[in-house]
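Letter by letter, the chains look like this.
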Amino acid sequence: MSASPIITLRVTPRADRTEVVGRRADGVIAVRVTAAPADGKANAAVIKAIADAIGTRPSGLSLVSGHTGRDKRVQVDSLTATELAVALERLKLIGE
């Protein structure tokens, strides 16, 4: 069995709205959340935003690094690498 895919994010807390912005030139996915980076609120908002965007449940995702920083890595346990690629492509986050 293959390992769960991991996506790399750059998070902007205290934004005007919560949204998955898109893919940056370095391949990192930019995410904005309205939550402040206190008491894990921004991390929870990031997980929910990504889950909603890729069509899975928040419990199927786990934050594997970046708990206190803006750069985060999220493991997607609820989708295969292929399913995740399709979801990201649908969002125009990969491909051309």
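Structure's up top.
Treat the numbers as computed from the prediction; the structure is a model and nothing was measured.

What counts, and where the lines are drawn
- Residues numbered from 1 in each chain as written.
- Predicted model: local features only at pLDDT ≥ 70, side-chain atom pairs only at ≥ 80, totals over all residues.
- Heavy atoms only, no water.
- Pairing = 2+ DSSP bridges.
- Helix = DSSP H or I, 4+ residues; strand = E, 2+ residues; numbered from the N terminus.
- Axes fitted to C-alpha atoms, helices over the stretch in contact; angles between N-to-C directions.
- Contact = heavy atoms within 4.5 Å.
- Salt bridge = Lys/Arg side-chain N within 4 Å of Asp/Glu carboxyl O.
- Buried < 20%, exposed > 50% of the residue type's maximum accessible area, 1.4 Å probe, protein only.

Caption draft 1: Fine view of the sheet that holds strand β1 (residues 6-12). Spatially, the five strands line up as an open sheet ordered β2-β3-β1-β5-β4, and their pairing is mixed. On the outer flanks of this sheet lie β2 (19-23) and β4 (61-65), each paired with one strand and no other. Sheet twist, expressed as the mean angle between neighbouring strand axes with direction ignored, is 35°. Taken together, the four bridges between β1 and strand β3 (residues 29-32) define a ladder with parallel strand orientation. In the strand pairing of β3, L9 is matched with I29. Contacting β1, β2, β3, β4 and β5 (71-76), helix α1 (residues 41-54) runs over the sheet at an angle of about 130° to β4.

Caption draft 2: Highlighting the pairing of β4. Note that β4 and β5 share four bridges and pair antiparallel. For S65, the partnering residue across the bridge sits in β5 and is R73. In this structure, the hairpin formed by β4 and β5 is closed by a connection of five residues, where G66 is found at a positive phi of approximately 90°.

Caption draft 3: Fine view of the pattern of salt bridges. One pass over the full model with this rule turns up five salt bridges. When the shortest N-O distance is used, the salt bridge between D71 and R10 registers 2.9 Å. Taken together, the positions of D71 in strand β5 and R10 in strand β1 put the pair 61 residues apart, joining distant regions of the chain. In this structure R10 comes out as partly exposed when scored by relative accessible area, which is 24%. Put simply, E19 and R17 hold a salt bridge, and the shortest N to O gap is 3.3 Å. Judged by relative accessible area, which is 19%, E19 ranks as buried. The network of salt bridges with shared partners includes R17, E19 and R32.

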